[in-house]
Amino acid sequence: MLNKNILVIVTGGIAAYKMPEYIRRIKEQGAKVKVVMTSGAKAFITPLTLQAVSGEPVADDLLDPQAEAAMGHIEFAKWADLVVVAPASADTIAKIRAGLANDLATTLLLATPAPVAICPAMNQQMYANPATQENLNVLKQRGFNILGPASGEQACGDIGFGRMIEPADIVQNTLNFFIPKQQYFAGKSITITAGPTREALDPVRYISNHSSGKMGFAIAEAAIEAGASVNLIAGPVNLTHSEKINRIDVISAEQMHEAALTLSKSSDIFIACAAVADYRPANIAEQKLKKSDEDMTITMIKNPDIVKDVAALEKQRPFVVGFAAETQDVESYAQQKMQRKNLDMICANDVSIAGQGFNSDQNALKVYWQGGSKDLPLNGKNILAHDLLKLIHQQLNA
Ligand code: C5P
């Protein structure tokens, strides 16, 4: 971090009181820090406090002739090697998405060529609001790094996602920015299935499950960062992805099966993260089914097992990784599944534990391969995705 320039933008949120800790620690690592505050931030912490810890005058006014004479705002935006917005309020996130430049903080964010890390901090309802979610998704697509938020008790008494990640975690992420990214999968092709499938009953109804697709999407993003070319075969999910990913949208297990078998033949690695429906209705009614009898019986037939069929390829077989969502005897069921489907690796998660697995942003995995295993403890799905890819890389080269 020696001589790296970090521009810290503090916006209005109670977590602002934690920022001196971050600034102190990052300075200990040798970084140079300048702080910009929004007017909202000053309601939570004084400029004097941040000036004392950063050792630099705190800037807050776009139209201050004295500050402009010392370092114009464009020069200031160019000075930064990394911009950290923490805490990032819902308001600031919305302004960045819209490209507003009506104060010093937003002007610098629009003008900087540096990477930007955003640490959202707000009430859980504000975070869950579709407006905020959409804003963050758009920023993610534009290449902003969204760190957190964490889940837990909030200053307002609510419980849920919205807390700013801890200063120590922001420090860790800041250090990570300056570690050259290892492109250990450069030249490799990875195909991933993600999300649920939908099995039609009639033109308006289907059978499906609660898979969000978040784990598969996180693996796809991590694989891109590791230098791979990525095919992401996605069931119906409400997620966005970076442009570098080749996304193929499918609805049913049969469609997913066809895409997976075609693409996995030209892939080095196949990761089956999707929650595929095991059965589908034997007949899809042409017209909407009518309510008549008291009971209704649907005959279901078995869907193809995608990961098993990929693992059974005789020619052009990739390294095959499966997932096993279990609620009991996780290890023995996962091991049996790995043998039965002839997988090279299986990632077991206990979906009976609240807050991890299906639909959550967090997960914990127990990974097994022929002759070994490793626990990947509870973590954000994006961090887990990187850990899993490193394990796959180790096994491929073992
Ligand atoms: O047998 P089970 O559904 O528990 O196995 C889970 C693993 O198998 C996951 O990797 C899942 O993506 C894959 N699978 C599949 N095709 C199916 C069912 C499961 O690829 N029809």
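These numbers were taken from a predicted model, which means no experiment stands behind them. Sequence order as written defines the numbering, with residues in each chain counted from 1. This being a predicted model, a pLDDT of at least 70 is required before a residue's local features are given, and a value of 80 or more before pairs of side-chain atoms are given or counted; all residues contribute to the totals for chains, interfaces and linings. Hydrogens and water molecules were not included; the side-chain quantities draw on all heavy atoms of the structure.

Next up on the list: the overall build of the protein. A helix here means a DSSP run of H or I that spans at least four residues, while a strand means a run of E at least two residues long, and both kinds are numbered starting from the N terminus. From N to C terminus, the protein includes 14 helices and 19 strands. Taken over the C-alpha atoms alone, the protein extends approximately 75 × 55 × 35 Å along its principal axes. Throughout, exposure labels follow a simple rule: accessible area from a 1.4 Å probe, protein chains only, divided by the maximum for the residue type, with under 20% read as buried, over 50% as exposed, and the rest as partly exposed. Looking at the 398 residues of the protein, the share that counts as buried comes to 47%. Only the protein chains shown count as cover for residues, with accessible areas throughout obtained via the Shrake-Rupley method and a probe of 1.4 Å. In the structure as shown, the protein presents an accessible area of about 19700 Å², 49% of it carried by carbon and sulfur atoms. Averaging the locations of the 37 positively and 41 negatively charged side chains of the protein gives two centres separated by 3 Å. Here Asp and Glu are counted as negative and Lys and Arg as positive; His is not counted, and neither are the chain ends. By convention, the point assigned to a charge is CZ for Arg, NZ for Lys, CD for Glu and CG for Asp.

What fixes the domain bounds is an automatic or database domain assignment. In terms of domains, the protein is made up of domain 1 (5-177) and domain 2 (189-396). Put simply, the middle of domain 1 and the middle of domain 2, counted by C-alpha atoms, are 36 Å apart.

Attention shifts here to the sheet that holds strand β8 (residues 189-194). Strands belonging to one sheet form pairs held by backbone hydrogen bonds; the direction of such a pair is parallel or antiparallel. In short, DSSP must find at least two bridges between two strands for them to pair. What the eight strands build is an open sheet, ordered β12-β11-β8-β13-β16-β17-β18-β19; its pairing is mixed. Every interior strand has two partners, whereas the edge strands, β12 (246-249) and β19 (372-380), have only one. Adjacent strand axes in the sheet meet at a mean angle of 15° when their direction is disregarded. Bridge count for strand β17 (residues 345-350) against strand β18 (residues 362-369) is four bridges, and the pairing is antiparallel. Of the residues in β18, the one forming a bridge with M345 is W369. When checking whether two residues touch, look at their non-hydrogen atoms; a contact exists if any pair is within 4.5 Å. Here an angle of 0 to 180 degrees is reported between the N-to-C directions of two axes, which are lines fitted to C-alpha atoms, with helices fitted over the stretch in contact. The strands touched by helix α11 (residues 253-264) are β8, β11 (229-234), β12 and β13 (269-272); relative to β11, the strand with the most contacts, the crossing angle is about 165°. Docked against the sheet, helix α14 (residues 381-396) engages β13, β16 (319-326), β17, β18 and β19, running at close to 160° with respect to β19.

Looking now at the pairing of β11. Along β11, five of the six residues are buried, which leaves the element largely enclosed by surrounding structure. The pairing of β8 with β11 spans six bridges and is parallel. Looking at the pairing, S189 lines up with S229 of β11. Alignment of β11 against β12, held across four bridges, turns out to be parallel. By the bridge assignment for β12, N231 is matched with N246.

With that out of the way, let us pick up the pairing of strand β3 (residues 82-88). For β3, a buried count of seven out of seven residues is recorded, marking the element as mostly surrounded by other parts of the structure. Inspection of the sheet shows strand β1 (residues 5-10) paired to β3 by four bridges, in the parallel sense. Bridged to V8 within β3 is V84. Looking at chain direction, β3 and strand β4 (residues 116-120) are connected through four bridges and run parallel. Directly across from V84, in β4, lies its bridge partner A117.

Glancing now at the site of the ligand. Being near a molecule or strand, for a residue, comes down to having at least one heavy atom within 4 Å of it. Neighbouring the ligand are the residues A272, A274, V276, D278, P304, D305, I306, V307, G322, F323, K337 and K341. One of the side-chain N or O atoms of K337 is found 2.4 Å from an oxygen atom in the ligand. Pairs of N or O atoms within 3.5 Å make up the polar contacts considered here, provided that, within protein, one atom can donate a hydrogen while the other can accept it, and that residues adjacent in sequence are counted only when both atoms are side-chain atoms. Contact distances for the ligand include 2.9 Å between an oxygen atom and a side-chain N or O atom of K341. Across the complex, the protein chains shield 86% of the 450 Å² of accessible surface that the ligand would expose by itself. Put plainly, a pocket is an open set of points on a 1 Å grid over the protein atoms alone with protein on both sides within 12 Å along at least five of seven lines, a cavity is a set where a 1.4 Å probe fits but cannot get out, and a lining residue has an atom within 4 Å of a point. If over half the atoms of a molecule are within 2 Å of the grid points of a cavity or pocket, the molecule is regarded as sitting in it. Put simply, the ligand lies in the second largest pocket. Every element with two or more residues in the shell around the ligand is listed here: α12 (306-311), β16 and α13 (330-341). The class makeup of the residues in the shell around the ligand is seven nonpolar, one polar and four charged. In this classification, Asp, Glu, Lys and Arg are treated as charged, Ala, Val, Leu, Ile, Met, Phe, Trp, Tyr, Cys and Pro as nonpolar, and every other residue, Gly included, as polar.

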